[in-house]
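Inside the fold
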Amino acid sequence: MFIRPLDELAEDLDHTAHENSSFEVPVIDIKSLDLNDQQRHKEVIDEVRRASGTWGFFRLVNHGIPSTVMNEIIKGIIRFHEQDTEAKKQLYSSDPRIGCMFLTNFDLYVSKYANWRDSLTCNLLSPDPLNPKELPDTCR
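Quick look at the structure, then. In this text the structure is predicted, and so the values were computed from the model without any measurement. (Residues numbered from 1 in each chain as written. Predicted model: local features only at pLDDT ≥ 70, side-chain atom pairs only at ≥ 80, totals over all residues. Heavy atoms only, no water.)

It is worth spelling out the nonpolar core at this point. If you look at the biggest cluster of nonpolar residues, it comprises seven residues: Phe80, Leu91, Cys100, Phe102, Leu120, Leu130 and Leu135. Ignoring anything within four residues of it in the chain, the contact list for leucine 120 reads Ile77, Phe80, His81, Leu91, Cys100, Met101, Phe102, Pro136 and Cys139. (Core = buried A, V, L, I, M, F, W, Y, C linked by side-chain atoms within 4.5 Å. Buried < 20%, exposed > 50% of the residue type's maximum accessible area, 1.4 Å probe, protein only. Contact = heavy atoms within 4.5 Å.)

Let us look at a nonpolar patch on the surface. Together, Ile65, Val69, Met70, Ile73 and Ile77 give the surface a local cluster of nonpolar side chains, amounting to about 390 Å² of exposed area. Note that valine 69 resides in helix 3 (residues 67-82). (Patch = residues over 30% accessible without salt bridge, like charges linked within 9 Å, V, L, I, M, F, W, Y side chains within 5 Å. Areas by Shrake-Rupley, 256 points an atom, 1.4 Å probe, with all protein chains shown as cover. Salt bridge = Lys/Arg side-chain N within 4 Å of Asp/Glu carboxyl O. Helix = DSSP H or I, 4+ residues; strand = E, 2+ residues; numbered from the N terminus.)

A separate point is unusual backbone geometry. Despite not being glycine, asparagine 62 has its phi angle at roughly 60°, a positive value. In this structure, asparagine 62 sits in the loop between strand 2 (59-61) and helix 3.

The tally for this structure, following the rule as stated, stands at three aromatic pairs. Geometrically, the ring pair formed by phenylalanine 80 and phenylalanine 102 is edge-to-face, given 5.7 Å between the ring centres and 65° between the ring planes. Taken together, the residues span a long stretch of sequence, with phenylalanine 80 in helix 3 and phenylalanine 102 in strand 3 (residues 100-104) at a distance of 22 residues. The pair phenylalanine 80 / phenylalanine 102 is uniform in exposure class, with both members buried. Each ring, one from tyrosine 92 and one from phenylalanine 102, has its centre 6.5 Å from the other, and the planes form 70°; the classification is edge-to-face. Placement of the pair is tyrosine 92 in the loop between helix 4 (85-89) and strand 3 and phenylalanine 102 in strand 3, with a sequence separation of ten residues. With a relative accessible area of 7%, phenylalanine 102 lands in the buried category. Taken together, the ring pairs in this structure connect Phe80, Tyr92 and Phe102 into an aromatic cluster. (Phe/Tyr/Trp six-rings, centres within 6.5 Å; stacked < 30°, edge-to-face > 60°.)

So, on to the pattern of salt bridges. Throughout the structure, instances matching the rule amount to seven salt bridges. Two residues, arginine 49 and aspartate 46, come together in a salt bridge whose shortest N-O distance is 3.0 Å. On the criterion of helical spacing, the pair formed by arginine 49 and aspartate 46 is a turn pair, its members being three residues apart in helix 2 (residues 38-54). In this structure, glutamate 72 engages lysine 75 in a salt bridge whose closest nitrogen and oxygen atoms are separated by 3.4 Å. Taken together, the positions of glutamate 72 and lysine 75, both in helix 3 and three residues apart, correspond to about one turn of that helix. A relative accessible area of 41% means that glutamate 72 is categorised as partly exposed. Since its relative accessible area comes to 43%, lysine 75 is described here as partly exposed. The network of salt bridges with common partners includes Arg40, Glu43 and Glu47.

Okay, structure coming up:
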């Protein structure tokens, strides 16, 4: 289930190389966002909707979160993934209702081949806010 035929793999790699030559992550700038400016508010919502629907992700800039905080978040994720497997296993789940979980192969039952991806997912906002104590120690 992890081995793909070489012709299919080569076709995907050619496609990816071609697409990466002009690849640009959508950037959404919220510096000028004023909730009282309904037109700009609608434009930002449309930008988020378009980027999410087309790309599945986007880069948000001028959000006001200090770069020191962003850097610490990245360091925490690195610390989490560098732990021994036994430590990470404590958070292993595929239940989307869990606030913080470690998972792999999230598309295992829908993809033709297994794509191994280790991911730490933290549902911070909905439906219930995550209790900070549920975060791995390495990420707090």
